[in-house]
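Observations on chain architecture
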Amino acid sequence: MISLRGWQSFPEDLPSFDPDTAPDTPEELFVEWLTEAGERVLAPHAVTLSTVDEDGFPDARVVILKDVDPAGWAVATSSESPKGHQLAVDPRAALTFFWPGRGRQVRVRGTFRQATPEVSAADFLARPPASRVEAFIGHQSEVLPDPAKLTEAADAAELWVAENPDTAPETWTRYLLTPTTVEFWQASHDRRHVRLRYHRADDTWTRDRLWP
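Residues numbered from 1 in each chain as written. Predicted model: local features only at pLDDT ≥ 70, side-chain atom pairs only at ≥ 80, totals over all residues. Heavy atoms only, no water.

Look at helix α5 (residues 147-163): 25 Å from first C-alpha to last across 17 residues, which is about the 24 Å you get at 1.5 Å a residue. The backbone nitrogen of Ala148 lies 3.0 Å from a side-chain oxygen of the residue at the head of α5, namely Asp146. (Helix = DSSP H or I, 4+ residues; strand = E, 2+ residues; numbered from the N terminus. Expected span 1.5 Å × (residues − 1). Polar contact = N/O pair within 3.5 Å; in protein donor to acceptor, adjacent residues only side chain to side chain.)

For the structure on display, the rule yields 12 salt bridges. A salt bridge links Arg92 to Asp90; the nearest nitrogen and oxygen atoms lie 3.0 Å apart. Overall, Arg92 belongs to the exposed group, its relative accessible area being 56%. On the basis of relative accessibility, which here comes to 18%, the residue Asp90 falls in the buried class. (Salt bridge = Lys/Arg side-chain N within 4 Å of Asp/Glu carboxyl O. Buried < 20%, exposed > 50% of the residue type's maximum accessible area, 1.4 Å probe, protein only.)

All right, on to the layout of surface pockets then. Empty space within the largest pocket amounts to approximately 910 Å³. Together, 30 residues line the largest pocket, and Glu134, Ala135, Gly138, His139 and Gln140 are the ones closest to its centre. Every element with two or more residues in the lining of the largest pocket is listed here: β2 (58-64), β4 (72-78), α2 (82-89), α4 (129-137) and α5. A per-class count over the lining of the largest pocket returns 16 nonpolar, 7 polar and 7 charged. Estimates place the volume of the second largest pocket at around 220 Å³. Lining of the second largest pocket is provided by Ser50, Thr51, Val52, Pro58, Asp90, Arg92, Ala93, Ala94, Arg109, Gly110, Thr111 and Thr180. If you list the elements that add at least two residues to the lining of the second largest pocket, you get β1 (46-52), β5 (92-99) and β6 (104-114). (1 Å grid on protein atoms, 1.4 Å probe; cavity = no way out; pocket = protein on both sides within 12 Å on 5 of 7 lines; lining within 4 Å. Points joined across faces, edges and corners; volume = space filled by probe spheres on them. Nonpolar A, V, L, I, M, F, W, Y, C, P; charged D, E, K, R; others polar.)

A word on unusual backbone geometry. Look at His139: it is not a glycine, yet its phi comes out positive at around 60°. When you line up the elements, His139 lands in the loop between α4 and α5. On the basis of relative accessibility, which here comes to 57%, the residue His139 falls in the exposed class.

Our next topic: the environment of Thr111. Among the structural elements, Thr111 can be located in strand β6. C-alpha separation for the pair Thr111 and Gly72, spaced 39 residues apart in sequence, amounts to 9.8 Å. Apart from the residues within four sequence positions on either side, Thr111 is in contact with Pro91, Arg92, Leu176, Leu177 and Thr178. (Contact = heavy atoms within 4.5 Å.)

Okay, here's the thing in structure tokens:
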């Protein structure tokens, strides 16, 4: 057994955060934090997407945030993937960003909707070739009885993408999260962490400080 105590959680120098200077919308503040994190940490746009399966159990995985603006917080996947099936049954979900190198966390809760087929297709065609091949392989999260089958499927998908460079799978979907709450968490070495929560009521955002 190893001891889980004593490991350093955050660097000595942490950024400051004054909630009184926060902008009116969470999207504005998130872009500020994301840009700052992108100058110092790897994969700042990696986010944990949490959904609920058909049995009511939570499910989580790390995906890439594609975009964020007033239209929504965008991720993309096949509608036939487990997360796609889960969002079809219950579109309520959560996004969690964690940048330990900056001592920062952002938590987003809301409801997903599908973008138009045209927007989803454009999202797919903007992906690198290897990512497009991966999408055409399919069978995500299914049992793989023989690794050779993956090689066969990948070769076939690579050929298809090469012969159809302007074609996107009908199942490829860009999902847009409309948030109801967005919380910004800034770590402090004295454990008096700073938490600011945005809450949406209709089209208006209110802000609240939270206890650590």
